[in-house]
Amino acid sequence: MVMPSQTPLSDDTGSGSGDAALTLAPTRMVTAPVQPTSELTAVPKRRTFTAKFKLRILDETDQASDTGGVAAILRREGLYSSALTDWRRARAAGSLGALQPRQRGPQKAPSNPLQAQLAKANREISALRRRVDQAEAIIVIQKKVAALLDEMEQTPERSGKL
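I will try to describe carefully the structure that is included in this document. (Residues numbered from 1 in each chain as written. Predicted model: local features only at pLDDT ≥ 70, side-chain atom pairs only at ≥ 80, totals over all residues. Heavy atoms only, no water.)

**Topic: the pattern of salt bridges**
A pair can form between side chains of opposite charge whenever their charged atoms are brought close.
So, step 1. All told, the structure shown has 6 salt bridges when counted by the stated rule.
So, step 2. In this structure, Glu60 engages Arg76 in a salt bridge whose closest nitrogen and oxygen atoms are separated by 2.6 Å. One end of the pair, Glu60, is in helix α1 (residues 51-64); the other, Arg76, is in helix α2 (residues 70-77), and 16 residues separate them in sequence.
So, step 3. With a shortest N-O distance of 3.1 Å, Arg76 and Glu77 are connected by a salt bridge.
So, step 4. Look at the salt bridges and you will find they share partners, linking Arg56, Glu60, Arg76 and Glu77 into a network. (Salt bridge = Lys/Arg side-chain N within 4 Å of Asp/Glu carboxyl O. Helix = DSSP H or I, 4+ residues; strand = E, 2+ residues; numbered from the N terminus.)

**Structural notes on the packing of α1 against helix α3 (residues 81-92)**
So, step 1. Relative orientation of the contacting elements α1 and α3 amounts to 100 degrees, with a least axis distance of 10 Å. When the interaxial angle is binned, α1 and α3 end up roughly perpendicular. Only Leu84, Trp87, Arg88 and Arg91 of α3 make contact with α1, whose side of the interface consists of Phe53, Lys54, Leu55, Ile57, Leu58, Asp59, Thr61 and Asp62.
So, step 2. Looking at the contact of α1 with α3 residue by residue, the classes come out as 6 nonpolar, 1 polar and 5 charged. (Axes fitted to C-alpha atoms, helices over the stretch in contact; angles between N-to-C directions. Parallel < 35°, antiparallel > 145°, perpendicular 65-115°, else oblique. Contact = heavy atoms within 4.5 Å. Nonpolar A, V, L, I, M, F, W, Y, C, P; charged D, E, K, R; others polar.)

So, to be careful, I would describe these as geometric facts and stop short of saying anything about function.
Structural data, given as structure tokens:
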């Protein structure tokens, strides 16, 4: 980002007159800082929290609930109260695994154990079909060669003698 900057200068031409006319200096360019701020990233990334971290925050907030320090803990950690509520529900349900971060997006379908065998069989079938096609082409060529040889044996050779 480039920003123009203009500063007034006095006229030092030595004209001898007491009143110096103020003029504007030529436009000077000031460039923006080269390194971006560390707060912003090119691609935003969703924060994930481990179960250990969630349990630690829940313990801290439970201890600080009497003194009213829950808001201070949330501000310090950069959390919303809704996350704290969700974590408390998961802890109450007794599911420590529910406190683990989940992968977002569509889930992968479970793989069929017979799928690998089917793929192997299909590869073998295609290889065998290629071999059969090659064998059929060789048989056709052999038939043509045999027919040519038979035709050559049946016709008398013409070597210039009559």
